[in-house]
Amino acid sequence: MGILLPGMGAVATTLIAGVLAVRKGGAQPVGSLTQMGNIRTGKRTANNYPKIKHYVPLADLDDIEFGGWDVYEDNVYQAALKAGVLDARTLETVRPELEALVPMKAAFDRHYVKNLDGTHIKSFTTKHDLAEQVIDDIRTFKATRGCSRLVMVWCGSTEIYHEPSETHRTLAAFEEGLHANAANIAPSMIYAYAALKEGVPFVNGAPNLTVDVPALLELAAITGTPVAGKDFKTGQTLMKTIVAPGLSARALGVRGWFSTNILGNRDGLVLDDPDNFRTKEVSKLSVLEDIFHPEVNPELYGDMYHKVRINYYPPAGDNKESWDNIDIFGWLGYPMQIKINFLCRDSILAAPLVLDLALFMDLAKRAGMSGVQEWLSFYLKSPQTVDDLRPEHDIFKQLVTLHNTLRHIMGEEPVTDAAPDEYQDAAEAF
């Protein structure tokens, strides 16, 4: 199985080096649900919690080939050193393998990422020509690496904010736009188009407008290909989807939630541009509203003020730091506060998500599933849904959905923690 990664920066290089280190027995894939997580099967007995990788037929880590594209020509070892996520000792253990991985030239448009100046990029006359070059890259990689199947996961930068247009409404209009060099077809869409044309599952790991447009969903349906998006759920948003469901479950009110971050990696540099930040802001702001449902709980959340800030601070590197100030209220409206200071490592949190998403999307393809894979919302800040349904952001509900989808794939019944038959003895006592 091949994993293709548009954008071979901090996240992608951390993933690749990590998988290679795990293969050699020098590390554990902590944070990866597919490798370390368990799933309950049947009743709640000690023997009914196998590891997910032993429950469903996932690709083995030893059988994965990596490839991708980047706007800089550094090999993966050089890129990982510059990213500064993993220490030199870890990288040295897999240095020959990393040095052998050289990115292909990227499909790049600086209009969408103003703060990057790509030097390792494709030349083209039309965006259709550019898409054909990416398709050729996919075919060449598959043939030369001996892969029977592929998955593509966008690990590139956040593109500037833009909304769907007529170009994105139908596949015919989109392809016409490719031939006409339509300005509103972003690089991420070109990668997605190329992948879907080849029947390669595509995951959007950024908040970009990519596969969540009718044209590309139409193509996914034609080729029977799974898609998922968008935006990896890592630092601050991960904490929100853990804390907010707890407040909602206890019917505690929230008056305000102020969030700010500092980070200094390439992602921080890109987000230092207001147009790129707007894309990320929209992604991050939607989370609380969809957890608290202020329209049905106006007394608790109707007047909640939510603010998000991201600040580029080069000394921080990939070690993002986030602060959350949460003004809550309880019985009789008495105020309280919660303060969260999360000193996280952005790519350390993101790398296992990329692995899991790739393995699960490959499983979905082999299981005959196509189109939007909403069951993978567990991993994403702005989960893509079917028919414009409201997304579920509660991470605990998302995990139940993920587990039950795996059970469905394996021909088993869904499991809930409140199955009536498990509580029958207690009920009869009354």
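Let me sum up the structure you'll find in this document. Note that the coordinates shown come from a computational prediction; the quantities given were computed from them, not determined experimentally.

Points about the overall build of the chain
Helix and strand content of the chain: 17 helices and 11 strands. A globule of 430 residues ought to have a C-alpha radius of gyration of about 22 Å, and the chain, at 22 Å, matches this closely. Summarising its shape, the C-alpha atoms of the chain cover approximately 75 × 50 × 45 Å along the three principal directions. Here the analysis covers contacts within the chain between residues at least 6 apart in sequence; of these, 74% occur between residues at least 24 apart. Across the chain, the mean location of the 41 positive side-chain charges is 3 Å away from that of the 55 negative side-chain charges.

Observations regarding a nonpolar patch on the surface
A contiguous nonpolar patch, built from Trp331, Leu332 and Tyr334 and spanning about 500 Å² of accessible area, is present on the exposed surface. Among the residues examined, leucine 332 registers a relative accessible area of 68% and is labelled exposed.

A look at the nonpolar core
By size, the foremost hydrophobic cluster in this structure holds 56 residues, and its most contacted members are Leu5, Phe360, Tyr379 and Leu406. Secondary-structure elements contributing two or more residues to this core are strand S1 (2-6), helix H1 (10-23), helix H3 (52-55), helix H4 (76-83), strand S4 (150-154), helix H15 (346-366) and helix H16 (395-409). Top element by residues in this core is H15. It accounts for 12 residues. When sequence neighbours within four positions are dropped, the list of residues in contact with tyrosine 379 reads Leu33, Asp231, Phe232, Lys233, Leu353, Asp356, Leu357, Phe360 and Leu402. Counting 48 residues, the second largest nonpolar core, distinct from the first, contains Leu116, Leu171, Met189 and Tyr191.

Quick look at the packing of helix H8 (residues 171-179) against helix H9 (residues 187-197)
Where H8 meets H9, the axes come as close as 12 Å, and the angle between the chain directions of the two elements is 120°. Classified by the angle between their axes, H8 and H9 sit oblique to one another. Taken as a pair, H8 and H9 cross one another with a handedness that is left-handed. Residues Leu171, Phe174, Glu175 and Leu178 of H8 form the contact with H9, whose participating residues are Met189, Ile190, Tyr193 and Lys197. Grouping the constituent residues of the contact of H8 with H9 by class yields 6 nonpolar, no polar and 2 charged.

Observations regarding H15
With 21 residues, H15 should cover 30 Å at 1.5 Å per step; its first-to-last C-alpha distance of 31 Å lies within 8% of that length. Within H15, 17 of the 21 residues are buried, which leaves the element mostly enclosed by the surrounding structure. A positive backbone phi angle near 80° is found at glycine 368, which sits one or two residues after H15.

Looking at empty space enclosed by the protein
Per the counting criterion, the structure on display carries 2 cavities of 30 Å³ or more. Of the pockets and cavities examined, the largest cavity occupies roughly 450 Å³. Lining the largest cavity we find 30 residues, and of these Val11, Cys155, Gly156, Asp267 and Asp346 sit closest to its centre. Only H1, strand S7 (253-263), helix H12 (266-271), helix H13 (274-292) and H15 provide two or more residues apiece to the lining of the largest cavity. Grouping the amino acids of the lining of the largest cavity by side-chain chemistry returns 11 nonpolar, 10 polar and 9 charged. A volume near 200 Å³ is recorded for the second largest cavity. Lining the second largest cavity we find 18 residues, and of these Val71, Phe108, Trp154, Gly156 and Ser157 sit closest to its centre.

Calculation notes
- Residues numbered from 1 in each chain as written.
- Predicted model: local features only at pLDDT ≥ 70, side-chain atom pairs only at ≥ 80, totals over all residues.
- Heavy atoms only, no water.
- Helix = DSSP H or I, 4+ residues; strand = E, 2+ residues; numbered from the N terminus.
- Rg over C-alpha atoms; globule rule 2.2 N^0.38 Å.
- Contact = heavy atoms within 4.5 Å.
- Lys, Arg positive; Asp, Glu negative; His and termini not counted.
- Charge placed at Lys NZ, Arg CZ, Asp CG, Glu CD.
- Patch = residues over 30% accessible without salt bridge, like charges linked within 9 Å, V, L, I, M, F, W, Y side chains within 5 Å.
- Areas by Shrake-Rupley, 256 points an atom, 1.4 Å probe, with all protein chains shown as cover.
- Salt bridge = Lys/Arg side-chain N within 4 Å of Asp/Glu carboxyl O.
- Buried < 20%, exposed > 50% of the residue type's maximum accessible area, 1.4 Å probe, protein only.
- Core = buried A, V, L, I, M, F, W, Y, C linked by side-chain atoms within 4.5 Å.
- Axes fitted to C-alpha atoms, helices over the stretch in contact; angles between N-to-C directions.
- Parallel < 35°, antiparallel > 145°, perpendicular 65-115°, else oblique.
- Left-handed = near helix turned anticlockwise from the far one by under 90°.
- Nonpolar A, V, L, I, M, F, W, Y, C, P; charged D, E, K, R; others polar.
- Expected span 1.5 Å × (residues − 1).
- 1 Å grid on protein atoms, 1.4 Å probe; cavity = no way out; pocket = protein on both sides within 12 Å on 5 of 7 lines; lining within 4 Å.
- Points joined across faces, edges and corners; volume = space filled by probe spheres on them.

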